[in-house]
Amino acid sequence: TQPASNAGFPDQIKQMMDITVAALACDVTRVVSLQVSYAFSHVLHTWLGHTSDHHQMSHDGQDRRTQLTQIDVWYSEQVAYLLGKLDAVDEGSGTLLDNTLIAWGRELGSTAHRMDNTPFLFLGGAGGALRGGRYLNVGGQQHAKALVSVCQLMGMDVNSVGNRSMNSGPLSGLV
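What counts as what
- Residues numbered from 1 in each chain as written.
- Predicted model: local features only at pLDDT ≥ 70, side-chain atom pairs only at ≥ 80, totals over all residues.
- Heavy atoms only, no water.
- Helix = DSSP H or I, 4+ residues; strand = E, 2+ residues; numbered from the N terminus.
- Buried < 20%, exposed > 50% of the residue type's maximum accessible area, 1.4 Å probe, protein only.
- Contact = heavy atoms within 4.5 Å.
- Areas by Shrake-Rupley, 256 points an atom, 1.4 Å probe, with all protein chains shown as cover.
- Lys, Arg positive; Asp, Glu negative; His and termini not counted.
- Charge placed at Lys NZ, Arg CZ, Asp CG, Glu CD.
- Salt bridge = Lys/Arg side-chain N within 4 Å of Asp/Glu carboxyl O.
- Axes fitted to C-alpha atoms, helices over the stretch in contact; angles between N-to-C directions.
- Parallel < 35°, antiparallel > 145°, perpendicular 65-115°, else oblique.
- Left-handed = near helix turned anticlockwise from the far one by under 90°.
- Core = buried A, V, L, I, M, F, W, Y, C linked by side-chain atoms within 4.5 Å.

Trainee: Summarise the overall build of the protein; cite the residues concerned and give the values.
Mentor: A tally of helices and strands in the protein yields four helices and two strands. Order of helices (α) and strands (β) in the protein, N terminus to C terminus: α-α-α-β-β-α. Its C-alpha atoms give the protein principal-axis dimensions of about 45 × 40 × 25 Å. The buried share of the protein, taken over its 175 residues, is 31%. The long-range fraction of contacts in the protein, counting pairs at least 24 apart against all pairs at least 6 apart in sequence, stands at 48%. Here the protein displays about 10700 Å² of accessible surface, and carbon together with sulfur accounts for 52% of that area. Charge centroids of the protein, computed over 11 positive and 15 negative side chains, lie 8 Å from each other.

Take a look at the structure:
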């Protein structure tokens with residue numbers, strides 16, 4: 001559970017993103033996992049004027065669409081910040097963003113803890129392996145296929161992730 005007042009959370013997120021970009025730019029690592037929240041998030045978004053935590057607002061029976069949209073917009077702005085920082089690093093053959101694959105998503109598709117219609121975004125150029133500027137409706141394909149696609153875009157010889165559906169293959173229509 002997050003503290004009642006966590007006004008420093010936005011700065012902490014930016015600092016983690018700055019460290020991420022620095023580590024990638026210095027080639028300290030080529031893979032980073034950055035999780036800024038989770039489905040049962042008790043983050044209290046005080047900087048947005050909220051008085052109930054994120055998870056509580058999702059289930060308290062009130063119409064919280066305005067506040068929940070504000071939270072989604074705020075997280076989107078953080079991702080935009082990360083994209084801007086990556087795009088500012090010149091790597092000669094393009095920017096760090098051009099040579100990076102970001103898989104951004106959430107583990108749930110709704111506040112009812114459903115796993116269908118879960119949004120995922122693939123951002124960056126993946127070193128030319130991914131064509132951007134598209135919206136794909138993948139028609140209910142398994143999430144594992146998205147992970148297989150990420151592995152394959154990174155050059156790995158992988159055809160399944162996990163054991164739910166062996167050899168599921170990648171998302172159709174992605175590349």
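What follows picks up the thread again.
Trainee: Mind laying out the pattern of salt bridges, listing which residues take part and the relevant values?
Mentor: Pairing of side chains with opposite charge becomes possible as their charged atoms draw close. The tally for this structure, following the rule as stated, stands at four salt bridges. Taking the shortest distance from any N to any O, the salt bridge between Asp18 and Lys85 comes out at 3.7 Å. With Asp18 in helix α1 (residues 9-25) and Lys85 in helix α3 (residues 65-87), this pair connects stretches of sequence that are 67 residues apart. Asp18 sits in the partly exposed class, given a relative accessible area of 30%. Of the residues examined, Lys85 reaches a relative accessible area of 33% and is grouped as partly exposed.

Trainee: Summarise the packing of α1 against α3; cite the residues concerned and give the values.
Mentor: Each packed pair of helices is defined by two parameters, the angle between the axes and the distance between the axes. It is the contact of α1 with α3, at a shortest axis distance of 10 Å, that shows an interaxial angle of 30°. As judged from the angle between their axes, α1 and α3 are roughly parallel. Where α1 crosses over α3, the two elements pack in a sense that is right-handed. Seen from α1, the contacting residues are Phe9, Pro10, Ile13, Lys14, Met17, Asp18, Val21 and Leu24; seen from α3, they are Trp74, Tyr75, Gln78, Val79, Tyr81, Leu82, Lys85 and Leu86.

Trainee: Residues and numbers for the nonpolar core, please.
Mentor: Judged by nonpolar contacts, the single largest core of 18 residues is most densely connected at Phe9, Tyr75, Leu82, Leu86 and Ile102. Of all the elements in the fold, those that place two or more residues in this core are α1 and α3. Counting residues per element, this core draws most heavily on α3, at seven residues. Beyond its immediate stretch of four places on either side in the chain, Leu82 contacts Met17, Val21 and Ile102. In this structure, Leu130, Ala146, Leu153 and Leu171 belong to the second largest nonpolar core, which totals six residues.

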